[in-house]
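Letter by letter, the chains look like this.
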Amino acid sequence: MKILAILAVLVLALAAPFVVYPVFLMKALCFALFACAFNLLVGYVGLLSFGHACFFGGASYVTAHAVKVWGWPTEIGILAGAGAAMVMGTVFGALAIRRQGIYFAMVTLALAQMVYFFALQAPFTGGEDGIQSVPRRPLLGFISIADNVTLYFFVLAICIAGFLLIYRTIYSPFGQVLKAIRENEPRAISLGYDVDRYKLLAFILSATLAGLAGGTKAIVFGLASLTDVQWQMSGEVVLMSLIGGIGTVAGPVVGAFVIVTMQNYLAETGEWVLVIQGVIFVIMVLLFRRGVVGEILAWWSRHGARATGPAKPSAAPAE
Amino acid sequence: MWLKLTLASLVALGATLGNAQAQISDDVVKIGVLNDQASLYADLTGQGSVIAARLAAEDFGGKVLGKPIEIVFADHQNKPDVGSTVANRWIDVEKVDAIADVPTSSVALAVQEITKNKNRMLLISGAASSALTSDKCSPTGIHWTYDTWALANGTGKATVLAGGDSWFFLTADYAFGHALEKDTTDVVKANGGKVLGVVRHPLNSSDFSSFLLQAQASKAKIIGLANAGTDTTNSIKQAAEFGIVKGGQNLAGLLVFLNDVHALGLDVAQGLMLTEAFYWDLTDETRAWTKRFTQRHKQHPNMIHAGVYGAVTHYLKAIQAAGTDEAKAVAAKMKELPVDDFFTKGGRVREDGRTIRDMYLFQVKKPAESKGPWDYYKLVRTIPAAEAFRPIEQGNCPFAKKS
């Protein structure tokens, strides 16, 4: 059943660029990876970061600069972006994980704002203009990605690799410890786990993957701009995860596609996009607290339980 | 292996699709008006530009070479990434042949790059940066209405010659602000003035107090406002609250539009010098056009709106003359044909994409001089086309220099 679903999604993903506009798909994929990286932290460690835009946007600047000004190849440029996000994640993570809850969110927000103002003022980022017309250099020196469809498959490969890494992390012993920390941190400590080290590792992983998404986005659009480091972007990724379902593997992907589709196809309505987004957000929080995917999973497990007779109650929803 | 083959065949397919070009691609001439629909430049561009483009299409008969003309529009939110997403989608999916208006220089520069690579026309009316026709110029980009050089040359020179020889700049921190500041600095220095300092504020600010206090402390005679839209009106209003003008310093709004003056009111705006390419109350023709425009739009038109009309009309004329809507051929025709419309007489489009026309130096009337709403300007001087714009050889546009 599960394998069938995955295969269906894969076929869909391979066929999609011939039906839907590839640039739109690539944008959605980049945000999906970004949201998944964010979800790794909030859904599985219980740390709500409100500054993930700095890794996403910071990496897009590094990639754009490396490819455009230093003339690095595309794949090295993206890796450089992810690497920069990893370094930032290490420093910011080490500072932020000392606090929990709202304080953690505030520390990450403050650090992200520092990156934002740095990006606004530093000469290499181009201020409000951003870094424009980043070239799409051939992959490995010979595969041209000037064509959107070709680039789409490259982006798809990056994102699938990212998703697999996240999936592997969640279902590894390491991931089990993370979930234990989420459920009851003092107990994890008393069991002898070095909680801070686990949290920091998860933070770095999340930041690096967010950077991978940001660097890829810079190549797709040939542009790195302030939009990606602004705090609104941090909020948007929270929204994507919430709509899809925090603490579910596929949730953030669904959430990212919903939000990006709305932004794309409602663009003609101008400011109304934000109003509609707000209304959806309120409805989700009031009625579907587990998110789209979370609700489907809960419905599934309820019905599964009924079929096998009165068994144990369904799993508690992720907080 | 098969993946590579499929990819190769896909690329080949894309290439053949791209080359299949009739006289009029896709049997429609589609013009996309890309501007700010809701934020700080919405009054200056926004729906007004869309209406101007529609008027131009209607006046042309709604058809060119027997094919219908269609006008679409979108909001770029003054963000280069949003603007380039829309531009790419328009060209790749929705078969847009030309993009018009594009205020906010950072967005215009991004879109200029896209239209250059994808061979589509870009008819810029809203953006100001003179970089659009210098090192960032494009063979298919026409900068129609005005630019920062022309504004600096008009307003900056007049102010220095009137005795305002020490300047302090309040600059919007993006491509347009930087270009306006640089061009004005050059003009001020060339005319014997000096620049005491600069402070830069983010786009779409609401609080200018710290910037204005720095400007006040500089003791410069003139505070040059290298910003636009509500940034300009807000800084002028807040300067009044700080008593800057009463303290003996003067403001020079380097890019002030009729709508800004309307928003400020004559009490605040009186005496301001400004350079524009168009004013509704100049000739019978401009008044007649304005009447038609105001029937559909609640505000009076400014030079950006008039420029969109002019640029779209000239574009359609060029398609008619060239017999195709292929961008390079149309651009060549646009540069060949003389520009003549309701507000431009004897203009022309230069090799680097700059449209040359007379510019006007206006002064905002005192409340007592104004006969009614929208009667705001008096003409101080007509700047002849030959001296209104940057000479082509100073622009260093790569392909224009060769010719």
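Residues numbered from 1 in each chain as written. Chains lettered and ligands numbered in written order. Predicted model: local features only at pLDDT ≥ 70, side-chain atom pairs only at ≥ 80, totals over all residues.

A word on the overall build of chain B
Now for step 1: Per the secondary structure count, chain B includes 16 helices and 15 strands.
Now for step 2: Relative to the 2.2 N^0.38 estimate, which gives 22 Å for 403 residues, the radius of gyration of chain B is 21 Å and therefore close to what a compact globule would have.
Now for step 3: By its C-alpha atoms, chain B is 75 × 55 × 40 Å across when sized along the principal axes.
Now for step 4: The long-range share in chain B, meaning contacts at least 24 apart out of those at least 6 apart in sequence, stands at 72%. (Helix = DSSP H or I, 4+ residues; strand = E, 2+ residues; numbered from the N terminus. Rg over C-alpha atoms; globule rule 2.2 N^0.38 Å. Contact = placed C-beta atoms within 7 Å.)

Comments concerning the sheet that holds strand 10 (residues 250–253) of chain B
Neighbouring strands of a sheet are bound in pairs by backbone hydrogen bonds; such pairs are parallel or else antiparallel.
Residue and element names in this part refer to chain B.
Now for step 1: The strand order across the open sheet built from four strands is 8-7-9-10, with neighbouring strands paired in parallel fashion. Edge positions in the sheet fall to strand 8 (194–201) and strand 10, since each of these pairs with one other strand and no more. Between one strand axis and the next, the sheet turns through 20 degrees on average, direction left out of account.
Now for step 2: Here strand 9 (residues 222–226) runs beside strand 10; their pairing, made up of four bridges, is parallel. (Pairing = 2+ DSSP bridges. Axes fitted to C-alpha atoms, helices over the stretch in contact; angles between N-to-C directions.)

What to know about the domain arrangement of chain B
Residues and elements named next belong to chain B.
Now for step 1: Parsing chain B into structural domains produces domain 1 (27–146 + 283–353) and domain 2 (149–276 + 359–384).
Now for step 2: Each of domain 1 and domain 2 was reduced to a C-alpha centroid, and the two centroids are 27 Å apart.
Now for step 3: Taken together, the contacts link 20 residues of domain 1 with 20 residues of domain 2.
Now for step 4: Along the lines of polarity and charge, the residues of the side of domain 1 that touches domain 2 split into nine nonpolar, 10 polar and one charged. (Domains from an automatic or database assignment. Nonpolar A, V, L, I, M, F, W, Y, C, P; charged D, E, K, R; others polar.)

Thoughts on the packing of helix 10 (residues 231–244) of chain A against helix 11 (residues 251–265) of chain A
The packing of two helices is summarised by the inter-axis angle and the distance between the axes.
All names here are of chain A.
Now for step 1: Packing of helix 10 against helix 11 brings their axes to within 7 Å, and their N-to-C directions diverge by 115 degrees. Seen from above, helix 10 lies across helix 11 with right-handed handedness. Here Glu236, Leu239, Met240, Ser241, Leu242, Ile243 and Gly244 of helix 10 lie close against helix 11, whose contacting residues are Gly251, Pro252, Val253, Val254, Gly255, Ala256, Val258 and Ile259.
Now for step 2: Residue composition of the contact of helix 10 with helix 11, by class: 10 nonpolar, four polar and one charged. (Left-handed = near helix turned anticlockwise from the far one by under 90°.)

Structural notes on the confidence of the model for chain B
Residue and element names in this part refer to chain B.
Now for step 1: On average, chain B scores 89 in pLDDT, and the residues at 70 or more come to 94%.
Now for step 2: Across chain B, the secondary-structure element scoring lowest on mean pLDDT is helix 1 (residues 2–19), at 51, and the one scoring highest is strand 5 (residues 121–124), at 96.
Now for step 3: Ignoring residues within four places in sequence, the model shows residues 13–22, a span with pLDDT below 50, making two contacts including any to other chains.
Now for step 4: This prediction of the complex comes with two scores: 0.82 for pTM and 0.75 for ipTM. (pLDDT = per-residue confidence, 0-100.)

A word on the nonpolar core
Now for step 1: Counting residues in hydrophobic clusters, the biggest one holds 228 residues, and the most contacted among them are Leu33(A), Phe34(A), Ala53(B), Leu123(B), Val312(B) and Tyr315(B).
Now for step 2: If you tally residues by element for this core, the top one is helix 2 (residues 22–44) of chain A, at 19 residues.
Now for step 3: For this core, the domains that each give at least three residues are domain 1 (27–146 + 283–353) and domain 2 (149–276 + 359–384) of chain B. (Core = buried A, V, L, I, M, F, W, Y, C linked by C-beta atoms within 7 Å. Buried ≥ 20, exposed ≤ 12 C-beta atoms within 10 Å, placed from the backbone.)

Regarding the interface of chain B and chain A
Often, the extent of an interface is quoted as the loss of accessible area on bringing the components together.
Now for step 1: Contact with chain B, which involves 27 residues of that partner, is made by 20 residues of chain A.
Now for step 2: If you list the elements that add at least two residues to the side of chain B that touches chain A, you get helix 1, strand 3 (67–75), helix 3 (80–92) and helix 4 (105–118) of chain B.
Now for step 3: When residues in the side of chain B that touches chain A are grouped by element, the largest group, eight residues, is from helix 3 of chain B.
Now for step 4: Here the side of chain B that touches chain A is built from residues that sort into 14 nonpolar, six polar and seven charged.

Some remarks on the sheet that holds strand 6 (residues 141–143) of chain B
Residues and elements named next belong to chain B.
Now for step 1: Taken in spatial order, the six strands make up an open sheet running 2-3-1-4-5-6, and their pairing is mixed. Two strands bound the open sheet, and with one partner strand each, they are strand 2 (63–64) and strand 6.
Now for step 2: Pairing analysis gives two bridges linking strand 2 to strand 3, with the strands arranged antiparallel. Looking across to strand 3, one finds that lysine 63 is bridged to proline 68.
Now for step 3: Along the sheet, helix 3 makes contact with strand 1 (29–35), strand 3 and strand 4 (98–101), crossing strand 1 at roughly 175 degrees.

Details of the environment of Thr233(B)
All names here are of chain B.
Now for step 1: Along the polypeptide, threonine 233 turns up in helix 8 (residues 230–241).
Now for step 2: Judged by local crowding, threonine 233 falls into the buried class, with 25 C-beta atoms found within 10 Å.
Now for step 3: Separated by 31 residues in sequence, threonine 233 and leucine 264 have C-alpha atoms that sit 6.4 Å apart.
Now for step 4: For threonine 233, the residues in contact, after removing those within four places along its chain, are Asp260, Ala263 and Leu264.

Focus on the packing of helix 2 of chain A against helix 9 (residues 195–221) of chain A
Residues and elements named next belong to chain A.
Now for step 1: The interhelical angle for the contact between helix 2 and helix 9, taken along N-to-C directions, is 170 degrees, at an axis separation of 8 Å. What the angle tells us is that helix 2 and helix 9 run roughly antiparallel. Judged by residue contacts, Val23, Met26, Lys27, Cys30, Leu33, Phe34, Ala37, Phe38, Leu40 and Leu41 of helix 2 engage Ala202, Phe203, Leu205, Ser206, Leu209, Ala210, Leu212, Ala213, Thr216, Lys217 and Val220 from helix 9. (Parallel < 35°, antiparallel > 145°, perpendicular 65-115°, else oblique.)

A word on helix 5 (residues 101–121) of chain A
Residues and elements named next belong to chain A.
Now for step 1: Counted at 1.5 Å a residue, the expected span for helix 5 with its 21 residues is 30 Å, and the 31 Å between its end C-alpha atoms agrees.
Now for step 2: For helix 5, the full list of buried residues reads Phe104, Ala105, Thr108, Leu109, Leu111, Ala112, Tyr116 and Ala119.
Now for step 3: Buried residues belonging to helix 5 abut helix 3 (53–68), helix 4 (74–96) and helix 10. (Expected span 1.5 Å × (residues − 1).)

Considerations on unusual backbone geometry
Residues and elements named next belong to chain B.
Now for step 1: The backbone of leucine 65 sits at a positive phi, close to 50 degrees, despite the residue not being glycine.
Now for step 2: Positionally, leucine 65 belongs in the loop between strand 2 and strand 3.
Now for step 3: What makes leucine 65 partly exposed here is the crowd of 14 C-beta atoms within 10 Å.
Now for step 4: Even without being a glycine, valine 102 presents a positive backbone phi close to 45 degrees.
Now for step 5: As for its placement among the helices and strands, valine 102 is situated in the loop between strand 4 and helix 4.

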